[in-house]
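Read off the chains here:
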Amino acid sequence: MPQKLDEAKADEKLLSMFLILIDSMKPNGEVSTSELKAKLNCSTQTVTRLFDKLSTVIGAYVEREKRGKEYVYRISRNLERVPLTADGLRQMELVRAIISQILPKNDQETIDKFLKDAKTNISKKQQSAYSKKGPLTAVGLAKGRIDYSKHQEVLTALETCIIQKHTCNITFQKYIFSEIKHFCFAPLALITFNESIYVQGWPVNEDGEPAPTKDHPLLMRVQRILEAVEQDRDAAKLHENYQAHSYSGKYGIMPVNKNDSFKVKLITSNEPVATYLIDRIFSDDQKITVDPVNKTLTLEFTASNIIELQSFIYSFGAKVKVIEPANIVDVVKEQVKKLVEMYEL
């Protein structure tokens, strides 16, 4: 006589329950408590214990729902089957490695867990292909990196507000000695730039329907936001027709005014700097002229923020000369005078 299920080991019952759920996978497929009791030859309490254990082992893959006087059990309907490949998985690992220096620790751990789970869910053929690739040899580095683990609560609040299209109360300090400001804000998107995370959004009125208090969105460094508290105010209208990269095509991500832009012309005879410049795109309309005889490179591009441009130019020291605009030439000259005075040359 075959062994009864109620005499089987606990792990055999657990496997049997899972196989029953798998067998029920069809449009709207599910199994009731009564059906499981009959098939497993056990009590309601045993069905509950088995499901709890199964849920602990495989998590979101199974779910339970109250239906009348009893529960129904099923393989989750919310699972999306993504045809992951070995190449796709390796690309995700590469992205994770490159951006790791700006991710808070919690987000790094979440991505690591996802990648680990993904490896076990690709087909055997893709697992074999993945194993042949060997260990990933890539890493993301940054000079003077920002530890965003300290700003996890702010990031979470901003992300929630963006998803829910809500406003939030912001406490912000632009510089370490600046006045601390408090205002209402409707975040639209998180943006990364030069190993930093920014949030772009509208400063809004304090009461009633959210309306912008400025004529263009603000862009704030997340690490300078001291606190972000979600409000239950619908800002969906402010998200309409919004493009996170509305200022793309020009150098600078923090324009003072939406229409501000100006032409810049630089020249260098320093070969490493020339190589650095020729390898990059600073604006969509940029023009690079190389003079092989005099060994110079001239770069012309469009910028949208003077302060960012100044920092860019200063980073090269005497290795780059500004030709235009004239006002930036004057600013650089004044800066050189101050340096001479500072170092008593």
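What you see is a predicted model, and the numbers here were worked out from it, not measured in a lab. (Residues numbered from 1 in each chain as written. Predicted model: local features only at pLDDT ≥ 70, side-chain atom pairs only at ≥ 80, totals over all residues. Heavy atoms only, no water.)

### Considering the nonpolar core
Judged by nonpolar contacts, the single largest core of 20 residues is most densely connected at Leu266, Leu277, Phe301, Leu309 and Phe312. A total of four residues in this core trace back to one element, the largest contributor, which is strand 11 (residues 296–303). The next biggest cluster of nonpolar side chains, apart from the first, holds 19 residues, and it includes Ile102, Cys161, Cys168 and Met220. (Core = buried A, V, L, I, M, F, W, Y, C linked by side-chain atoms within 4.5 Å. Buried < 20%, exposed > 50% of the residue type's maximum accessible area, 1.4 Å probe, protein only. Helix = DSSP H or I, 4+ residues; strand = E, 2+ residues; numbered from the N terminus.)

### As for the sheet that holds strand 3 (residues 70–75)
An order of 1-3-2 is seen for the three strands of this open sheet, with the pairing classed as antiparallel. A strand with exactly one partner marks an edge of an open sheet, and here the two such strands are strand 1 (31–32) and strand 2 (62–67). Here strand 1 runs beside strand 3; their pairing, made up of two bridges, is antiparallel. Residue pairing in the sheet places Ser32 in a bridge with Val72 of strand 3. (Pairing = 2+ DSSP bridges.)

### A short note on the pairing of strand 5 (residues 181–193)
One ladder, built from five bridges, connects strand 4 (residues 166–172) with strand 5; its direction is antiparallel. The partner of Cys168 across the bridge, within strand 5, is Phe185. Examined bridge by bridge, strand 5 and strand 6 (residues 196–204) share nine bridges and lie antiparallel to one another. The residue bridging Ile191 from the neighbouring strand is Tyr198, located in strand 6.

### What to know about the sheet that holds strand 9 (residues 262–268)
The strand order across the open sheet formed by four strands is 10-11-9-12, and the pairing between neighbours is antiparallel. Strands with a single pairing partner mark the edges of an open sheet, and in this sheet they are strand 10 (287–291) and strand 12 (321–324). Averaged over all pairs of adjacent strands, the angle between their axes in this sheet comes to 20 degrees, without regard to strand direction. Sitting on the sheet, helix 10 (residues 306–314) touches strand 9, strand 11 and strand 12, and the angle it makes with strand 9 is about 5 degrees. (Axes fitted to C-alpha atoms, helices over the stretch in contact; angles between N-to-C directions. Contact = heavy atoms within 4.5 Å.)

### Quick word on the confidence of the model for the protein
Residues with a pLDDT of 70 or more make up 87% of the protein, whose mean pLDDT is 85. At the low end of the mean pLDDT range in the protein sits helix 1 (residues 10–23), at 69; at the high end sits strand 4, at 98. Within the model, pLDDT remains below 50 along residues 1–8, and this stretch shows eleven contacts once partners closer than five positions in the same chain are excluded. (pLDDT = per-residue confidence, 0-100.)

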